[in-house]
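What follows is each chain in one-letter form.
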Amino acid sequence: MVNSKVKKISLFGAISVTLTMIFVCSYQVYQNVETVHNYFSPKTTSILALNVENDEWNSVKFNGNDSVKFDTVFWDKTIINDANSAGKIRMRVKDEKGNIVIAEFEVFPGTSTSLKDLNKDQQYYFEVKAENGQFIINLI
């Protein structure tokens with residue numbers, strides 16, 4: 001009877017150690033392999049230095065691309081105006097045909113706005129209006 005209890009404890013210990021090792025290895029791959037991390041936690045950034053005197057819409061490039069495509073289910077579809085930005089921004093979103101998909105909305109520094117109405121696997125173009133200054137915009 002004691003022997004069977006020791007076997008059960010040993011089996012439980014072996015399973016616990018194995019699961020812990022699998023978790024630690026998986027987490028290390030997620031954190032350190034850029035392709036895996038970017039797939040499961042997509043994020044794109046735009047740094048704008050606006051020095052305009054007019055009230056026109058300016059196109060936004062995220063990571064150097066004119067458009068953004070939400071190509072995985074892991075996109076949160078949220079836009080964030082970084083707390084270090086110069087001020088609020090007004091944005092709008094257009095589709096591939098130039099139609100306005102999301103009309104003008106404001107994002108204040110340190111806040112975010114949900115873009116849940118945007119569809120997966122479609123190209124979207126972002127435009128901004130803001131006062132002069134530097135702005136950091138993240139799309140997650």
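Residues numbered from 1 in each chain as written. Predicted model: local features only at pLDDT ≥ 70, side-chain atom pairs only at ≥ 80, totals over all residues. Heavy atoms only, no water.

Asker: What is the right way to look at the pairing of strand S9 (residues 133-139) in this model?
Answerer: Side-chain positions along a regular strand alternate between the two faces of the sheet. Bridge analysis of strand S1 (residues 44-50) against S9 gives seven bridges, and the strand direction is antiparallel. Bridged to Ile47 within S9 is Ile136. Here strand S4 (residues 78-81) pairs with S9 via three bridges, running antiparallel. The residue bridging Ile79 from the neighbouring strand is Leu139, located in S9. (Pairing = 2+ DSSP bridges. Helix = DSSP H or I, 4+ residues; strand = E, 2+ residues; numbered from the N terminus.)

Asker: Honestly, the nonpolar core in this entry has me stumped. Any pointers?
Answerer: For soluble globular proteins, nonpolar side chains are generally found buried alongside one another. Counting residues in hydrophobic clusters, the biggest one holds 23 residues, and the most contacted among them are Ile79, Phe126 and Leu139. Contributing elements (two or more residues each) for this core: S1, strand S5 (89-94), strand S6 (100-107), strand S8 (123-130) and S9. Looking at this core, the element that brings in the most residues is S8, giving four residues. The contacts of Phe126, once residues within four sequence positions are left out, are Asn58, Ser59, Val60, Phe62, Val68, Ile79, Met91, Arg92, Val93, Leu115, Leu118 and Leu139. (Core = buried A, V, L, I, M, F, W, Y, C linked by side-chain atoms within 4.5 Å. Buried < 20%, exposed > 50% of the residue type's maximum accessible area, 1.4 Å probe, protein only. Contact = heavy atoms within 4.5 Å.)

Asker: I keep staring at the pattern of salt bridges and nothing clicks. Help me out?
Answerer: Oppositely charged side chains can form a pair if their charged atoms are brought close together. Summed over the entire model, instances satisfying the criterion amount to six salt bridges. Across the salt bridge formed by Asp66 and Lys61, the nearest N and O atoms sit 3.4 Å from each other. Looking at Asp66, the relative accessible area reads 47%, which means it is partly exposed. For Lys61, a relative accessible area of 44% corresponds to the partly exposed category. One salt bridge in this structure joins Asp76 and Lys116, with 3.4 Å as the shortest N-O distance. Taken together, the residues span a long stretch of sequence, with Asp76 in the loop between strand S3 (68-69) and S4 and Lys116 in the loop between strand S7 (111-114) and S8 at a distance of 40 residues. Residue classification places Lys116 among the exposed residues on the basis of a relative accessible area of 51%. (Salt bridge = Lys/Arg side-chain N within 4 Å of Asp/Glu carboxyl O.)

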